[in-house]
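# Observations on the model geometry
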Amino acid sequence: MTSFQTPGSAGVIEEQATAALHAAQDPAGRGHRTRPPRREKAYRTRGSADIMKPSLAGLIGKYVLLVVVLGIMVFPFLWQLSTSFKGSAENIYGFPPSLIPSAPTLDHYAEVFRTIPVLDYARNSLLVGVGTVITNVIFATLGGYALGCLKFRGKGIVMAIFFSTLLLPGEVTLTSQYLTVKSLGLANTLWGVFLPGAIAAINVLLMAAACRMIPADTLDAATIDGANTMQRLRHIVWPNIRGMVSVVALFAFIGAWDEFLWPLVVLSDPANYTLTVGMNYLNSNFGSNPRVIAAGTMIALVPIIVLFAVLQKQFFKGVEEGSVKG
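First things first, this report covers the structure right here in the doc.

About the cut-offs
- Counting restarts for each chain, with residues numbered from 1 along the sequence as it is written.
- Local features are withheld for residues below a pLDDT of 70 in this predicted model, meaning they are given only at 70 or higher, and side-chain atom pairs are given and counted only at 80 or more; totals for whole chains, interfaces and linings count all residues.
- Excluded from the side-chain calculations are hydrogens and water; all other atoms, namely the structure's heavy atoms, are used.
- Comment: elements are numbered from the N terminus, with helices defined as DSSP H or I runs of at least four residues and strands as E runs of at least two.
- Burial classification: accessible surface area is computed with a 1.4 Å probe over protein chains only, and a residue below 20% of its type maximum counts as buried, one above 50% as exposed, and the rest as partly exposed.
- Contacts are assigned to residue pairs that have any heavy atoms within 4.5 Å of one another.
- To obtain an axis, a line is fitted to C-alpha atoms, over the contacting stretch when the element is a helix, and the angle between two such axes runs from 0 to 180 degrees between their N-to-C directions.
- Each crossing gets its handedness from the near helix: less than a right angle anticlockwise from the far helix is left-handed, clockwise is right-handed.
- Pairs of N or O atoms within 3.5 Å make up the polar contacts considered here, provided that, within protein, one atom can donate a hydrogen while the other can accept it, and that residues adjacent in sequence are counted only when both atoms are side-chain atoms.
- Note that the arc is computed from the directions linking the helix axis to the C-beta atoms.
- Nine residue types can take part in a nonpolar core, namely buried Ala, Val, Leu, Ile, Met, Phe, Trp, Tyr and Cys, and a core is a set of them joined through side-chain atoms within 4.5 Å.
- By definition here, a salt bridge exists when the distance from a side-chain nitrogen of Lys or Arg to a carboxyl oxygen of Asp or Glu is within 4 Å.
- Classification of ring pairs uses Phe, Tyr and Trp, with its six-membered ring standing for Trp, and accepts pairs whose centres are within 6.5 Å; under 30 degrees between planes counts as stacked, over 60 as edge-to-face, and the remaining range as tilted.

### As for the side chain of His108
By secondary structure assignment, the location of His108 is in helix α3 (residues 107-115). Taking relative accessible area as the criterion, His108 reaches 6% and is therefore assigned buried. Discounting chain neighbours no more than four positions away, the residues touching His108 are Ser84, Lys86, Gly87, Ser88, Arg291, Val292 and Ala295.

### Structural notes on the packing of helix α9 (residues 216-224) against helix α10 (residues 229-258)
Two numbers describe how α9 lies on α10: the axes approach to 11 Å, and their chain directions differ by 145°. For the pair α9 and α10, the sense of crossing is right-handed. Every residue of α10 that contacts α9 at Thr218, Leu219, Ala222 and Thr223 is listed here: Arg232, Ile236 and Val237.

### Comments concerning the side chain of Asn136
For Asn136, the position within the fold is in helix α4 (residues 118-149). Within the local environment of Asn136, its side chain forms a polar contact with the backbone oxygen of Thr132, the two atoms lying 2.8 Å apart. Excluding its chain neighbours within four sequence positions, the residues that come into contact with Asn136 are Thr141, Gly197, Ala198, Ile199, Ala200, Asn203, Val248 and Ala252.

### Some points on α3
Within the sequence span of α3, burial applies to His108, Tyr109 and Val112. Here the buried residues of α3 occupy an arc of 105° about the axis, which is enough to place them on one side. In α3, the exposed positions angled more than 90 degrees off the buried face are occupied by Asp107 and Arg114.

### Side note on the nonpolar core
Counting 52 residues, the largest nonpolar core has Val112, Val237, Ile241, Leu275 and Met279 as its most contacted members. Top element by residues in this core is α10. It accounts for 11 residues. With near-sequence residues (within four places) excluded, Val112 lies in contact with Val118, Met279, Leu282, Val292, Ala295, Gly296 and Ile299.

### Points about the pattern of salt bridges
All told, the structure shown has 1 salt bridge when counted by the stated rule. Residues Glu111 and Arg114 are paired through a salt bridge, measuring 2.5 Å at the closest nitrogen-oxygen approach. Residue Glu111 and its partner Arg114 are both found in helix α3; the two are separated by 3 residues, about one turn of the helix. By relative accessible area, Glu111 is classed as partly exposed at 22%. Of the residues examined, Arg114 reaches a relative accessible area of 59% and is grouped as exposed.

### Description of the packing of aromatic side chains
The final tally for this structure, using the stated rule, is 4 aromatic pairs. Centroid distance Phe85 to Tyr109: 5.3 Å. Interplanar angle 40°. Geometry classified as tilted. Residue Phe85 is located in helix α2 (residues 56-85), and its partner Tyr109 is located in helix α3; the two are separated by 24 residues in the primary sequence. Taking the centre distance of 5.9 Å and the plane angle of 75° together, the rings of Trp191 and Phe194 count as edge-to-face. Placement of both Trp191 and Phe194 in helix α7 (residues 190-194) is noted, with a separation of 3 residues, approximately one turn of the helix.

And the structure:
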């Protein structure tokens, strides 16, 4: 007699056989349990040939060094923050320093707002910072694409010029920048503060390095398929340089917000002062009261801290992106 199977009978028979095998291996019915993978140690054990991992002593020394460096970098900020909340009767220069005020007060912050128009100065700094971010992202991306992906005569000379500008400190070109801005009629204006930082050579070089990581074959294939320059920038270049764009944007805003010397030179009307220049007024009027100066410093620093805290996830995530996307 010929056996006959339905279309799904083979799968049913296979499942039954598997279940019977498991039951035979585990007669108590406890079920099949898999052990979780053993966690790999972060240091090299004795007798291990993995030289890429540090020894236990080396790992401890590394973390101790990191804690020391962290303390050196963070302690001045904590001391300044503590000073801004301490009352006039507290000793801010005692040793060991006390970072927790015994009677916290906001009087010094109120004194800063009574002395200078903080919100007006912050608005001026924000306008300059946002404009600097927009121009640096746009022009640095275009310049980096040209230097990193295109081939043209004189490319080495252009790169040498960009690198040479990094060798000169900003104070060397301060006079020429002021004369240029004054000849354009932009002295004592926010446009004059913004113009010299509209594009930075270091940002162009960073974008060029990011564009250079894009395989040339990918761009050539897009060109053969008929993609123009803007299409290559949008669909190939931009997805692969977003990490570096976030770096450029964040550093451009911090640089524009913290700039002091150039706005101090080009601005003479207090109504156009940026926040850093306005805070300098506190040093001249409250030099004997470091608590008010510390409060003004915290006011100028808080926006930068908030911005980085909000964008740090996108910042580090973008830097880690390395795959080609199209």
